[in-house]
Amino acid sequence: MSARPSTVWVVDDDRSVRFVLATALREAGYRVDEFGGSADALAAMAERGAPDLLFTDVRMPGDGGLVLLDKLKAQAPQLPVVVMSAYTDVASTAGAFRGGAHEFLSKPFDLDDAVALAARVLEGTTTGDEDVATAASVSADVDTAPTLVGSTVAMRTLFRAIGRLAQAPLSVLVTGETGTGKELVARALHRESPRAGKPFVALNTAAIPSELLESELFGHEAGAFTGASKRHIGRFEQADGGTLFLDEIGDMPLPLQTRLLRVLAEGEFFRVGGRELIRVDVRVIAATHQHLELLVADGRFRADLLHRLDVVRLRLPPLRERVEDVPQLAERFLAAAAARFDAPPKRFARTALERLLAHTWPGNVRELENLCWRLAALAPADTVTAADLDAAMATGTAVQGGATGWEAALATWTRAELDAGAPGILERARETLEGVLLDVAMERSGGRRSEAAARLGLGRNTLSRKLGPGRTPRT
Ligand SMILES: Nc1ncnc2c1ncn2[C@@H]1O[C@H](COP(=O)(O)OP(=O)(O)OP(=O)(O)O)[C@@H](O)[C@H]1O
């Protein structure tokens, strides 16, 4: 530290936060002033000039921290400002970075981290993000895509990175297992970027036959190949001015990788069969669940393309590494399902929640989301029990192809019925299921209705009604 101790200001309406942070900073040798709100800080600045560093809370009576940030940046553009907030979602962090924040500190924070951050900023050793942080201002959100949920350290760190990266026109490679939210991250990067008003175009490389991929990406002219009756505008052109999300990039055939690399380097291309040179301004975000370095070593992915796409890498942790986020995610999904079904949201019983936390989530967030939608539709009561959960998980496994026994048979039957466009599938399935249960229970109870009813957990009258006077057993 230089001879003159650096001055640090702490602006927060919460006296205890202010006190502990100021004390820790003083102990580290800084000259610290505390302010209970934006107005006091601005008045002090008018009087004695800017400090070397300023920490500010976001939500405060009067002007909030982001308005303060705006005013500070107008008066002292070089002043590094650290924004502190308990609101760590992408929109808040991106809002802070857009306003020119130097860093974002999630509350509650570790005091040592805050002091270390102050030291890094004051010694000018933060990562050179200043240019990024003070870059372009942006229009309001236009995309209403679902927001990323998560409050584990891993996710907060990710949100901060998204907030920061959204402002820079860099290529980003998003890695993570299937269903971890890679596309959602790409959408958030777009939504918070200066490109938000322009298109976000997604293309799943693995889902398109390789012979069609080139024209899907770059378009074609009429007559370019058999079946090309009309001109087709490719995804690159559709995304002009905006963001192109290339999912499963590891599945792109090698010849197309070569072409993509050239387009990325030159920013221009010909449509398939075309003569007009097309120029586009597109930010590319690629995603993969594969280990691209291994594909490179195998000769299946171009190293130079990897370098071009991988300017910044965001890794999405699998859900099993952040199970603390499961309850919050589940609540979000149950609420979304309830809104769709126009019903009150269901809640999890404690035992059900414990089961969710113990599960390993091979399908990650998508698996949890699907499970919640099934529960919202199928669990009978407002509270989801562990038994409801077991039943819904078994169905899920059947659907994902890992089931054995009757769930697998049911899944096969359902597929066949759906493919055949058969009507009333659920009703027929219910009737069949119930019929089998009743018949087998009667068989095992030697035809005694009261016993069969008791063993099934039904009232005797209900069973009688369901069996009817002359019903023929199915088994
Ligand atoms: N953190 C999150 N908060 C809320 N929803 C999420 C989150 N992560 C994922 N989801 C939801 O889970 C589903 C799967 O996410 P997404 O499609 O982004 O995953 P992905 O990693 O791109 O999957 P794949 O590799 O299979 O394409 C989506 O419906 C998405 O909205």
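Up top you'll find the structure we're talking about.
In what follows, the accompanying structure is described. (Residues numbered from 1 in each chain as written. Predicted model: local features only at pLDDT ≥ 70, side-chain atom pairs only at ≥ 80, totals over all residues.)

1. Some remarks on the overall build of the chain
Here comes step 1: Tallying secondary structure elements over the chain gives 21 helices and 14 strands in all.
Here comes step 2: Counting the 475 residues in the chain, one finds 32% classified as buried. (Helix = DSSP H or I, 4+ residues; strand = E, 2+ residues; numbered from the N terminus. Buried ≥ 20, exposed ≤ 12 C-beta atoms within 10 Å, placed from the backbone.)

2. Side note on the sheet that holds strand 8 (residues 243-247)
Here comes step 1: Ordered by their spatial adjacency, five strands build an open sheet running 7-8-11-6-12, and the pairing between neighbours is parallel. In this open sheet, the two strands that pair with only one neighbour each are strand 7 (200-204) and strand 12 (312-315). On average, adjacent strands in this sheet sit at an angle of 20° to one another, irrespective of strand direction.
Here comes step 2: Pairing of strand 6 (residues 172-175) with strand 12 involves four bridges; the strand directions are parallel. Considered in strand 12, the bridge of T175 is made with R315.
Here comes step 3: The strands that helix 8 (residues 182-191) touches are strand 6, strand 7, strand 8, strand 11 (283-288) and strand 12; relative to strand 11, the one it contacts most, it runs at about 165°. (Pairing = 2+ DSSP bridges. Axes fitted to C-alpha atoms, helices over the stretch in contact; angles between N-to-C directions. Contact = placed C-beta atoms within 7 Å.)

3. Quick look at unusual backbone geometry
Here comes step 1: That bond from K107 to P108 is cis: its omega, -5°, falls within 30 degrees of zero.
Here comes step 2: Even without being glycine, D342 reaches a positive phi, approximately 55°.
Here comes step 3: The phi angle at W361 is positive, at roughly 55°, despite the residue not being glycine.
Here comes step 4: Tracing the sequence through the fold places W361 in the loop between helix 15 (350-358) and helix 16 (364-378).

4. A closer look at the packing of helix 19 (residues 425-444) against helix 20 (residues 449-456)
Here comes step 1: Running from amino to carboxyl end, helix 19 crosses helix 20 at an angle of 125°, the nearest separation of the two axes being 8 Å. In terms of their interaxial angle, helix 19 and helix 20 are classed as oblique. When you trace helix 19 past helix 20, the crossing you get is right-handed. Contacts between helix 19 and helix 20 pair L437, A441 and M442 from the former with A452, R455 and L456 from the latter.
Here comes step 2: Among the residues forming the contact of helix 19 with helix 20, the class breakdown is five nonpolar, no polar and one charged. (Parallel < 35°, antiparallel > 145°, perpendicular 65-115°, else oblique. Left-handed = near helix turned anticlockwise from the far one by under 90°. Nonpolar A, V, L, I, M, F, W, Y, C, P; charged D, E, K, R; others polar.)

5. Structural notes on the pairing of strand 3 (residues 53-57)
Here comes step 1: The buried fraction of strand 3 amounts to five of the five residues, a majority that puts the element mostly inside the structure.
Here comes step 2: Judged from the four bridges that link them, strand 1 (residues 7-11) and strand 3 form a sheet pairing that is parallel. Bridge assignment links V8 to a residue of strand 3, and that residue is L53.
Here comes step 3: Pairing geometry for strand 3 and strand 4 (residues 81-85), over four bridges, is parallel. The partner of L54 across the bridge, within strand 4, is V81.

6. Things to note about the sheet that holds strand 4
Here comes step 1: Within the open sheet, the five strands sit side by side as 2-1-3-4-5. Their pairing is parallel. The strands lining the two open edges of the sheet, one partner per strand, are strand 2 (31-35) and strand 5 (103-106). Along the sheet, successive strands turn relative to each other by an average axial angle of 20°, direction set aside.
Here comes step 2: As paired strands, strand 4 and strand 5 are joined by four bridges and run parallel to one another. Residue pairing across strands places M84 opposite L105, the latter belonging to strand 5.
Here comes step 3: Packed on one face of the sheet, helix 1 (residues 15-27) meets strand 1, strand 2 and strand 3 and runs near 170° to strand 2.
Here comes step 4: Helix-sheet contacts for helix 5 (residues 111-122) involve strand 1, strand 3, strand 4 and strand 5, and the interaxial angle to strand 5 is about 175°.

7. What to know about the site of the ligand
Here comes step 1: The immediate surroundings of the ligand are formed by 18 residues, with V149, G181, K182, E183 and V365 found nearest.
Here comes step 2: Elements represented by at least two residues in the shell around the ligand include exactly helix 8 and helix 16.
Here comes step 3: Looking at side-chain class alone, the shell around the ligand contains six nonpolar, seven polar and five charged residues.
Here comes step 4: No fewer than three residues from each of domain 2 (167-315) and domain 3 (320-415) sit in the shell around the ligand. (Near = placed C-beta within 6 Å. Domains from an automatic or database assignment.)

8. Considerations on the packing of helix 14 (residues 326-341) against helix 16
Here comes step 1: Where helix 14 contacts helix 16, the axes come no closer than 9 Å and their chain directions differ by 45°. What the angle tells us is that helix 14 and helix 16 run oblique. The crossing of helix 14 and helix 16 is right-handed. Within the contact between the two elements, helix 14 uses V326, L329, A330, F333, L334, A337, A338 and F341 and helix 16 uses V365, L368, E369, C372, W373 and A376.
Here comes step 2: Here the contact of helix 14 with helix 16 is built from residues that sort into 13 nonpolar, no polar and one charged.

9. Some details on the nonpolar core
Here comes step 1: Judged by nonpolar contacts, the single largest core of 73 residues is most densely connected at V8, V83, I162, V174, V185 and L189.
Here comes step 2: Broken down by element, this core gets its largest block of residues, five residues, from helix 7 (residues 153-165).
Here comes step 3: Two domains each donate at least three residues to this core, and these are domain 1 (7-133) and domain 2 (167-315).
Here comes step 4: Sequence-distant contacts of V8, defined by excluding residues within four places in its chain, comprise L25, Y30, V32, P51, D52, L53, F55 and A118. (Core = buried A, V, L, I, M, F, W, Y, C linked by C-beta atoms within 7 Å.)

10. A look at the environment of V17
Here comes step 1: Along the chain, V17 turns up in helix 1.
Here comes step 2: A C-alpha to C-alpha distance of 9.2 Å links V17 and P108, two positions 91 residues apart in sequence.

Function cannot be inferred from these measures alone, as they are strictly geometric.
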